Structure formats: structure tokens, C-alpha cells
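Spelled out, the chains give:
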Amino acid sequence: MNGTIVIIGGGQAGAQAIDTLRREGYEQRLVLIGAETELPYQRPPLSKKFLSGELATERLWFRHRAFYDEHRAELVLGKAATRLDPAAQTVQLEDHDEWRYDRLLLCLGAGSRRLSCAGCDLPGVHYLRDLGEASALRTEIRPGARVVVVGGGYIGLETAATCAKLGCSVTVLEMADRIMNRVVAPAVSSFFAAEHAKHGIEIVLGARVAALVGKDRVEAVVCADGTEYGADFVVVGVGAVATTELARAAGLACDNGIVVDEFCRTSDPWIYAAGDCTNQPSPRYGRRMRLESVDNAFEQAKTAAQNMLGGSVVHDRVPWFWSDQFDNKLLIVGLSQGADRLVVRGDPAGRSFSVCHFLGRELLALEAINHSKDYMAARKLIAERVKLDPDRVQDPSIPLKDAT
Ligand SMILES: Cc1cc2nc3c(=O)[nH]c(=O)nc-3n(C[C@H](O)[C@H](O)[C@H](O)COP(=O)(O)OP(=O)(O)OC[C@H]3O[C@@H](n4cnc5c(N)ncnc54)[C@H](O)[C@@H]3O)c2cc1C
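Okay, so let's go over this structure. (Residues numbered from 1 in each chain as written. Predicted model: local features only at pLDDT ≥ 70, side-chain atom pairs only at ≥ 80, totals over all residues. Heavy atoms only, no water.)

**Examining helix 3 (residues 131-138)**
Inference 1: Along helix 3, the residues classified as buried are Leu-131, Ala-134 and Leu-137. The buried residues of helix 3 all sit within an arc of 125° when viewed along its axis, so they share a single face.
Inference 2: Where helix 3 is buried, its residues touch strand 9 (125-127), helix 4 (154-165) and strand 16 (233-236). (Buried < 20%, exposed > 50% of the residue type's maximum accessible area, 1.4 Å probe, protein only. Helix = DSSP H or I, 4+ residues; strand = E, 2+ residues; numbered from the N terminus. Arc of directions from axis to C-beta. Contact = heavy atoms within 4.5 Å.)

**Focus on the side chain of Glu-367**
Inference 1: Its place among the elements puts Glu-367 in strand 26 (residues 362-369).
Inference 2: Among buried Asp, Glu, Lys and Arg side chains, Glu-367 stands out as unpaired, with Arg-178 the closest opposite charge at 7.2 Å.
Inference 3: A polar atom in the side chain of Glu-367 sits 2.8 Å from the side chain of His-357.
Inference 4: Once residues lying within four places of it in the same chain are set aside, the contact partners of Glu-367 are Val-183, Val-184, Ala-185, Val-188, Leu-330, Leu-331, Ile-332, Phe-353, Ser-354, Val-355 and His-357. (Lys, Arg positive; Asp, Glu negative; His and termini not counted. Salt bridge = Lys/Arg side-chain N within 4 Å of Asp/Glu carboxyl O. Polar contact = N/O pair within 3.5 Å; in protein donor to acceptor, adjacent residues only side chain to side chain.)

**Observations regarding helix 4**
Inference 1: Between its first and last C-alpha, helix 4 extends 16 Å over 12 residues, near the 16 Å set by a 1.5 Å rise per residue.
Inference 2: Counting buried positions along helix 4 gives 9 out of 12 residues, so the element sits mostly inside the fold.
Inference 3: The complete set of buried residues in helix 4 reads Gly-156, Leu-157, Glu-158, Thr-159, Ala-160, Ala-161, Thr-162, Cys-163 and Ala-164.
Inference 4: The elements touched by buried residues of helix 4 are helix 3, strand 10 (146-150), strand 11 (169-174), helix 5 (186-198), strand 16 and strand 22 (320-325).
Inference 5: A positive phi of about 95° marks Gly-167, the residue just after helix 4. (Expected span 1.5 Å × (residues − 1).)

Any functional reading would require information that these geometric values do not contain.
Written out as C-alpha cells, the structure is:
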């Protein structure tokens, strides 16, 4: 391919695309435009080891500056792209600089879903999406501080665990009837609820936040039933919304994300997209999906990069996710929608078990708690659609791969 490739968004997908483009032999001009001033960095530690102070900022970087120099990738950091003109094939930045592209890759990620209740903008209310927000949150964490976490999903619970480890008194308010209810089986929710309780975290289910109150900064969270939870600071983790404004304003098709085909191509033939910002059809699952995970951003970026250079690679992977809470590792592979049977393999009391989601004899998804062996086996079994015997799977003494 001749000409300039411009990537917008210096996160997981953007950084990976640079690597793949050069590996695949692309020799021409390569520019990465990123709104953040930091070198492209990993987000998962922001709620884990970066927040706890165990990891320095430089350890978050995917690559050092030298990598970008060696790969002749021009980094334009600290400048958001504000306008995209697909007809002229140009991108305008906030300082009015303009870049012309021959191929464009949008890796815009997602933004935190915001609360809209009274008091939601009070100082002391935190979100956790980027390094700046994580650094601001870090300054609030101290032994004895009362923190209310709104949202019992991955990010809320990881943040709760980190704050508790550092001596805060933590309350998690979750609207649903169990934590992580959209992403794990009830047995896994119960296991993690018990782990959080063991570390002194109060989890309140069915809690609907009505207002945040305080004079100069947040002092309490008030729920719809009138219950008030005193807080020195609040962390909100109620989901993310795909970043689509730039694409939408340019006339690209958007619908819960930037609409791409299985080749990661948007509705404009010269523009591709990858990562949290995309909504892509999955041949395997027969429907469109918007996933938020490192694996998805990494794989889509590779696919998009190959296709931008003339390939015709279909992105059709079995997704996987992870979460770390205290010393527990949760690994999930596959998607459980459509399952008609749940099998718990092993005893949750032993703190190492798996939950298997079956449709007939097909394993659709597996959630492994401190059990990387089952997780690794399941990746292969799910990808290859191996038929298993759910009754034998129930017996943890039989290796998963042999439970046919
Ligand atoms: C706290 C936290 C913990 C997480 N933990 C896990 C985990 O344990 N496991 C897991 O699989 N995933 C985890 N994730 C999710 C994972 O980090 C994301 O799925 C992944 O980073 C997505 O990569 P991306 O490149 O699509 O977007 P991002 O990495 O979010 O990067 C998008 C970049 O685009 C930039 N940008 C947006 N608009 C513009 C613009 N107009 N101009 C220029 N730049 C722009 C943004 O500033 C950002 O730097 C976590 C996320 C967070 C926030």
C-alpha cells in the first residue's frame, strides 16, 4: 500500500496496530494521534496494581519511546482529533493541525458512563478510565477513608478490593440482585461477594443511587429508599459507552459503537476501526457485538492492520476476559448467552473451581476461578466446538479435555 496511514487513539488497539503494520511490511508514513499526553499504556492495572501503588507509570507503557522511533511511527500526543472529513481524507486536530491520510484506523476506545443524578459533579466523585483519573483517585486512598463504590461490575469490584487492601472502609452499591450479574454465573457472583465480605467490604444489592450530597465535596450517597452512605470519596463504575462522536459527525455508520464489518472496515472504504469503539458482526455467534477487553482490542487491531494493507482477514475469535480481585483470578472464555445448562466443576469453598455453560453438549463459555488449567483447556474446546459430556465435566477429577 502507498501513502500515509493515520491511527487515531493511542490505547491498546492503536499501539498494537503500529506493531502489526510494520511487521506486515508496511514501509510508508505512519502517524498515531492520541488525545492523552502519555505514551500508549495499558488500562487494566489502573484499577489494580497501579491504583495500589505497586506499579509505576512507566510500567504501564506498552513500549518505550525508542520502539516508536525504531518503527518510524510519528506520535502526535496530547491532541484530540476533532473533525474527520472522509471525502477529503483529512483529520483535523484540536489545535487546527490537519493530517491527510490514505487509510485511517479509528481506535477511540470508550468513555465511562456518567451518573446524572443530583450532586454527581461534586468534587470527590471519581471515574476510572484513564491514567489521569487513576492518579487523582490514588491521592484519595488512605487508611480509614470511607469510600462508596457505585457499581458492582469488574471495575467497581477491582477498585473496591484495592481500596480495602489499602485500609479504606468500602461499601459497594449495586443496583442488580447480584454482583457482575451481566457477565458471570450466580455461583461466581456468590463466591466473589463472599471474598469481598471476608475483606470487610459491604455490598448492598438492589441499591439505586438517587443523589450525591455534600457542601464543598461529596459527603454521602443517598439511595432511592432513603438510605444514606457516608463517604469521603466516591468511585463510579457503571459501565462504558463507545466513543463515536468523531465518526458519527463524519457520517460513518454508528450504532452502539462504530459499525464495522468482519474485516474491521467502517462504512467508508478507507477507514477501519478496532477496539472498544467498534460494533462488529461475529460469524461464530451470528450477531453484532461490542466487546470491551484487551483481547478484543488486540485482535481487532491486528486484523484491521492486515486488511488495511490489502488482506482479507476475518475477525472471528472466541473472546476472553479476566479480572483480579484480592488474590483471586477470574478468567472467562466464550460467551454464555443461549446456554441451557450450568455445570459447577469443583467446590467453590476450595477457592478453585469453574462454571461451565452448555448448550446441549457444546461448551459455550467457562468461568474459571483460580483455575487456569480449566481455562486453557476450555479455550481450545470452545474454539473447536468439541462435544463434551456435561455429567462427566461435573467431576473435577476428570481433566476437562477428557470429559467427552
Ligand atoms: C480501569 C480499567 C480496568 C480494566 N481491566 C481490564 C481487564 O482486567 N481485562 C481486560 O480484558 N480489559 C480490561 N479493561 C478494558 C481494556 O483496557 C480495554 O478494553 C482496552 O483498553 C480497549 O482498547 P482500545 O484501544 O479500544 O481503547 P483504549 O485503550 O481506551 O484507548 C483509546 C484511546 O483513544 C483516545 N481517543 C479517543 N478519542 C480520541 C480523539 N478524538 N482523538 C485522539 N485520541 C482519542 C483515548 O484518549 C484513548 O487513549 C479495563 C479498562 C479499565 C478502564
